[in-house]
Amino acid sequence: MIVDAHVHVAHLARLKVPWEQWIGPAGTGEAWSACYDSDGAAIPEKVSALFAGAGVDRVLLFCEYSPKATGWQTIEDMLPLVDADAERFRIVANVNPHVHHPVAAELDRQLDLGAVALKVHPVHAGIAPNDPQLYPAYARCLDRGVPVIVHTGPSVFPGATGRLGDPVLVDDVLRDFPGLTLVLAHGGRGWSYEAAASLALTRENVWLDLAGLPPHKLPVYYERFGFERVARKSVFGTDAPSADPARNIAAIRELGLGDELTEGLLGGHALRVYPGLVDPPTRA
């Protein structure tokens, strides 16, 4: 099973940035443009076919409420994709204390709609991952057995606060919620690969997701630790639409990691980290 554990299917009318900036230079603009209707809403069947054609069996769709940076990717916009293909698609919740209060109540709402994980985006939301305002959400995730994804590294989008993407900031969260499963999105992209890798390699419940990182450069980014070691604590993600899932899957297979580790990276590890990937989502 192949899992793309990091995907953003935004409603175009709710994006704060231009489409060309959103999709970036590595995205497949023509293919993705065909997946939207005239109102800017994703066409579920076409998005499903795009991932099926790339060989992706499960997709984590990220919500994001970031009015300072990229705009809105609401859970309501994700639900039609799950309704159309509940086997393939799962939703990742998002809370932003500048938008949601109380955060635990909003998180419960999104989890009850079928979300299988929570993402916090310090860089776009403008709040540190160790801010006490987020602690009620972490406590709820711990109670409900839900993993937490934290964006690490900077962002190219206007309105972002790059310093809040320092992976070291999650050390406080690990101290205060020792049983919480944490995924460091983008693996410390930019200036903090080593900090992110160090946390993943020294903490049993910390993982990296490699979304947005060119696969052929991974051995360079994690050279100090050896990418094979890092790959054992990593899950595959593309950050689509800003990357081509089929191309990235092929590039991962060319890294020479061996069959077992390659299949773990492309899907097996994600099934361990995200229990909600196994069974079709349910709504309360």
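Structure: above.
This structure is a prediction, so every number in the text was calculated from the model and none was measured. (Residues numbered from 1 in each chain as written. Predicted model: local features only at pLDDT ≥ 70, side-chain atom pairs only at ≥ 80, totals over all residues. Heavy atoms only, no water.)

(A) Examining the overall build of the protein chain more closely. Looking only at helices and strands, the protein chain has 13 helices and ten strands in total. Computed over C-alpha atoms, the radius of gyration of the protein chain comes to 17 Å, within 12% of the 19 Å expected from 2.2 N^0.38 for 284 residues, which places it in the range of a compact globule. For the protein chain, the spread of C-alpha atoms along the principal axes amounts to about 50 × 45 × 35 Å. Every one of the 284 residues in the protein chain was classed for burial, and the buried ones make up 57%. The long-range share in the protein chain, meaning contacts at least 24 apart out of those at least 6 apart in sequence, stands at 76%. Counting every atom, the protein chain has about 11100 Å² of accessible surface; 53% of that belongs to carbon and sulfur. The positive charge centre, built from 24 side chains, and the negative charge centre, built from 34, are 4 Å apart in the protein chain. (Helix = DSSP H or I, 4+ residues; strand = E, 2+ residues; numbered from the N terminus. Rg over C-alpha atoms; globule rule 2.2 N^0.38 Å. Buried < 20%, exposed > 50% of the residue type's maximum accessible area, 1.4 Å probe, protein only. Contact = heavy atoms within 4.5 Å. Areas by Shrake-Rupley, 256 points an atom, 1.4 Å probe, with all protein chains shown as cover. Lys, Arg positive; Asp, Glu negative; His and termini not counted. Charge placed at Lys NZ, Arg CZ, Asp CG, Glu CD.)

(B) Summary view of the layout of surface pockets. Here the largest pocket is characterised by a volume of approximately 690 Å³. Residues of the lining of the largest pocket, tallied by class, amount to 13 nonpolar, 15 polar and six charged. Roughly 210 Å³ of volume is contained in the second largest pocket. Lining of the second largest pocket is provided by 14 residues; of these, G114, A115, V116, V146 and G276 occupy positions nearest its centre. Class assignment for the residues of the lining of the second largest pocket results in eight nonpolar, four polar and two charged. (1 Å grid on protein atoms, 1.4 Å probe; cavity = no way out; pocket = protein on both sides within 12 Å on 5 of 7 lines; lining within 4 Å. Points joined across faces, edges and corners; volume = space filled by probe spheres on them. Nonpolar A, V, L, I, M, F, W, Y, C, P; charged D, E, K, R; others polar.)

(C) Examining the nonpolar core more closely. In this structure, W32, F51 and Y222 are the most contacted members of the largest nonpolar core, which totals 78 residues. Setting aside anything within four residues of it in sequence, one finds F51 in contact with D4, V7, W32, V56, V59, R88, F89, A240 and P245. Residues L60, F62, V116 and A117 belong to the second largest nonpolar core, which totals 16 residues. (Core = buried A, V, L, I, M, F, W, Y, C linked by side-chain atoms within 4.5 Å.)

(D) Molecular detail of empty space enclosed by the protein. One pass over the structure, following the stated rule, counts one cavity of 30 Å³ or more. Roughly 30 Å³ of volume is contained in the largest cavity. If you trace the largest cavity, you find it lined by L210, L213, P215, L218, F236, G237, N248 and I252. Among the residues making up the lining of the largest cavity, the classes are represented as six nonpolar, two polar and no charged.

(E) Focus on the environment of V116. The residue V116 is located in the loop between α5 (103-112) and β6 (117-120) in this model. Through-space distance from the C-alpha of V116 to that of G71 is 22 Å; in sequence the pair is 45 residues apart. If we ignore the near neighbours within four places in the chain, the residues touching V116 are L60, R90, I91, V146, P147 and G276.

(F) Here's a closer look at the packing of aromatic side chains. Under the criterion given, the structure shown has eleven aromatic pairs. A centroid spacing of 5.9 Å and a plane angle of 55° characterise the contact between Y135 and Y138, whose relative ring orientation is tilted. Of this pair, Y135 and Y138 both sit in helix α7 (residues 135-144), three residues apart, which is roughly one turn of that helix. Three or more aromatic residues joined by ring pairs make a cluster, and in this case those are Y193, Y221, Y222 and F227. Cation over ring: K233 sits above W207, and NZ or CZ is 5.3 Å from the ring centre. (Phe/Tyr/Trp six-rings, centres within 6.5 Å; stacked < 30°, edge-to-face > 60°. Lys NZ or Arg CZ within 6 Å of the ring centre and 35° of its normal.)

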